[in-house]
Amino acid sequence: MDRLVIAFGLTLLAGLSTGVGSALAFYAKKTDERFLSAALGFSAGVMIYVSMIEMFAEARHSLESHYGTTTGYWIATIAFFSGIAVIGLIDKFVPTFENPHEMRDVSEMENGKKNGHELMRMGLFSALAIGIHNFPEGLATFAGAIQDPTLGISIAVAIAIHNIPEGIAVSVPIYYATGDRKKAFKYSFLSGLSEPVGALVGYFLLMKFFNDGMFGILFAGVAGIMVYISLDELLPAAEKYGEHHIAIYGLISGMIVMAGSLLMFA
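The model shown is predicted, which means the values in this text are computed figures rather than measured ones.

Observations concerning the nonpolar core
Alright, step 1. Ranked by size, the top nonpolar core spans 50 residues in total, and within it Met47, Val50, Met55, Ile155, Phe219 and Met226 carry the most contacts.
Alright, step 2. Secondary-structure elements contributing two or more residues to this core are α1 (2-27), α2 (33-67), α3 (69-93), α5 (116-147), α6 (149-178), α9 (212-240) and α10 (244-264).
Alright, step 3. Ranked by the residues each element gives to this core, the list is headed by α9, at 15 residues.
Alright, step 4. In this view, Met55 contacts Val50, Leu151, Ile155, Phe219, Val222, Ala223 and Met226; residues no more than four positions away in its chain are not counted.

If you want it as structure tokens, here you go:
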């Protein structure tokens, strides 16, 4: 029971970090792009390392113990790429009138030429797209924390960092469209709540079937989702908003911190 509480708590905190991004947008005159670039690279490093080194290995071990060495390895590999396919399809079919993962600079939006209707539409579609993207991320955090709270903390921190610029992407255009900070914060906050919803759905739909086989398939699929998010969203954003080496140093730092935390609690 304690582990369930920890898992839900971590998922909730990761999701609500979109509100942190919203607050930063309101109280900073200009987005600190170098810092965000390093933070996004760091988040990508954590997620890639934990997915490829820890989560896939855990998934393979569980599946091999349940189905046998060869069959288990095949299932783990298929589940990994299935996770990539699922999040790729979400990216393809979610309405993207505006890029939902594009970081918005406060000064850029203030000086922009878009009218209020266009800005409002941008913010609302960003909230919708980010909410749908956050659903499997919530499942990832929850599944990791159920297996190992330390692993869950690492995943939650990585996802929380990458949710901060997403909160900016939602709140800034809505704020400049309406002039209402509370409304902008509300939509940003709600887009992050889909992560604990993902955890709840995962719990109620999957926990009754949970065994080594189900855990392995879920974990391998979530590892694929996290690798895709890192390569498709985090690293391109980190590269765009900072120097190349800032993003790479952040990436490597994230891997080192993740590796160190895993070694400390091994």
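Some thoughts on the packing of aromatic side chains
Alright, step 1. Evaluated as defined, the whole model comprises three aromatic pairs.
Alright, step 2. Note on Phe8 and Phe142: the rings are 4.9 Å apart at their centroids and 35° apart in plane angle, and the pair reads as tilted. Of this pair, Phe8 sits in helix α1 while Phe142 sits in helix α5, placing them 134 residues apart in sequence.
Alright, step 3. When its relative accessible area of 3% is taken as the criterion, Phe142 is described as buried.
Alright, step 4. Each ring, one from Phe56 and one from Phe80, has its centre 5.7 Å from the other, and the planes form 80°; the classification is edge-to-face. Of this pair, Phe56 sits in helix α2 while Phe80 sits in helix α3, placing them 24 residues apart in sequence. Like Phe80, Phe56 is buried.
Alright, step 5. Taken together, the aromatic side chains of Phe56, Phe80 and Phe81 make up a single cluster linked through ring pairs.
Alright, step 6. It is Arg60 that lies over the ring of Tyr73; its NZ or CZ is 3.6 Å from the centre.

Digging into helix α7 (residues 181-192)
Alright, step 1. Taking 1.5 Å per residue, 12 residues should reach 16 Å; α7 reaches 17 Å between its end C-alpha atoms and fits that length.
Alright, step 2. For α7, the full list of buried residues reads Ala184, Ser188, Ser191 and Gly192. Taken down its axis, α7 places every buried residue within 105° of arc, on the same side.

Thoughts on a nonpolar patch on the surface
Alright, step 1. A surface patch of nonpolar side chains, amounting to about 300 Å² of accessible area, comprises Phe135, Val197, Val201 and Leu205.
Alright, step 2. Top contributing element to the nonpolar patch by residue count: helix α8 (residues 194-206), with three residues.
Alright, step 3. Tracing the sequence through the fold places Val197 in helix α8.

Some details on the confidence of the model for the protein
Alright, step 1. The predicted model of the protein averages 77 in pLDDT, with 78% of residues at 70 or higher.
Alright, step 2. Of all secondary-structure elements in the protein, the lowest mean pLDDT belongs to helix α4 (residues 106-110), at 48, while α3 reaches the highest, 90.
Alright, step 3. Considering only residues more than four positions removed or in separate chains, one finds that residues 96-104, a stretch of pLDDT under 50, has 30 contacts.
Alright, step 4. Contacts for the low-pLDDT stretch residues 108-114, under 50 throughout, to residues beyond four places or in other chains number 10 contacts.

Things to note about the packing of α9 against α10
Alright, step 1. Following both chains from N to C, one finds α9 and α10 inclined at 140°, their axes separated by 7 Å at the closest point. Taken together, the axis directions place α9 and α10 in an arrangement best described as oblique. Of α10, the residues touching α9 (which contributes Leu235, Ala238 and Glu239) are His244, Ala247, Ile248 and Leu251.
Alright, step 2. Tallied by class, the residues present in the contact of α9 with α10 amount to five nonpolar, one polar and one charged.

Examining the packing of α3 against α9
Alright, step 1. One way to put it is that α3 packs onto α9 with a least axis distance of 7 Å and a crossing angle of 45°. Viewed along their axes, α3 and α9 adopt a mutual orientation that is oblique. Judged by the sense of rotation from one axis to the other, the crossing of α3 with α9 is right-handed. When α3 is examined against α9, the residues Ile75, Ala76, Ala79, Phe80, Gly83, Ile84, Ile87, Gly88 and Asp91 are found in contact with a partner set consisting of Ile217, Ala220, Gly221, Ala223, Gly224, Ile225, Val227, Tyr228, Ile229, Asp232 and Glu233.

Some details on the environment of Ala247
Alright, step 1. Tracing the chain through its elements places Ala247 in helix α10.
Alright, step 2. For Ala247, a relative accessible area of 0% gives the class buried.
Alright, step 3. Spatially, the C-alpha atom of Ala247 lies 9.2 Å from that of Pro236, the residues being 11 residues apart in sequence.
Alright, step 4. The residues contacting Ala247, other than those within four sequence positions of it, are Ser37, Gly41, Ala238 and Glu239.

Here we look at the side chain of Glu54
Alright, step 1. Checked against the element boundaries, Glu54 lands in helix α2.
Alright, step 2. Using a relative accessible area of 18% as the deciding quantity, one classes Glu54 as buried.

Reading the values: rules and limits
Residues numbered from 1 in each chain as written. Predicted model: local features only at pLDDT ≥ 70, side-chain atom pairs only at ≥ 80, totals over all residues. Heavy atoms only, no water. Core = buried A, V, L, I, M, F, W, Y, C linked by side-chain atoms within 4.5 Å. Buried < 20%, exposed > 50% of the residue type's maximum accessible area, 1.4 Å probe, protein only. Helix = DSSP H or I, 4+ residues; strand = E, 2+ residues; numbered from the N terminus. Contact = heavy atoms within 4.5 Å. Phe/Tyr/Trp six-rings, centres within 6.5 Å; stacked < 30°, edge-to-face > 60°. Lys NZ or Arg CZ within 6 Å of the ring centre and 35° of its normal. Expected span 1.5 Å × (residues − 1). Arc of directions from axis to C-beta. Patch = residues over 30% accessible without salt bridge, like charges linked within 9 Å, V, L, I, M, F, W, Y side chains within 5 Å. Areas by Shrake-Rupley, 256 points an atom, 1.4 Å probe, with all protein chains shown as cover. Salt bridge = Lys/Arg side-chain N within 4 Å of Asp/Glu carboxyl O. pLDDT = per-residue confidence, 0-100. Axes fitted to C-alpha atoms, helices over the stretch in contact; angles between N-to-C directions. Parallel < 35°, antiparallel > 145°, perpendicular 65-115°, else oblique. Nonpolar A, V, L, I, M, F, W, Y, C, P; charged D, E, K, R; others polar. Left-handed = near helix turned anticlockwise from the far one by under 90°.

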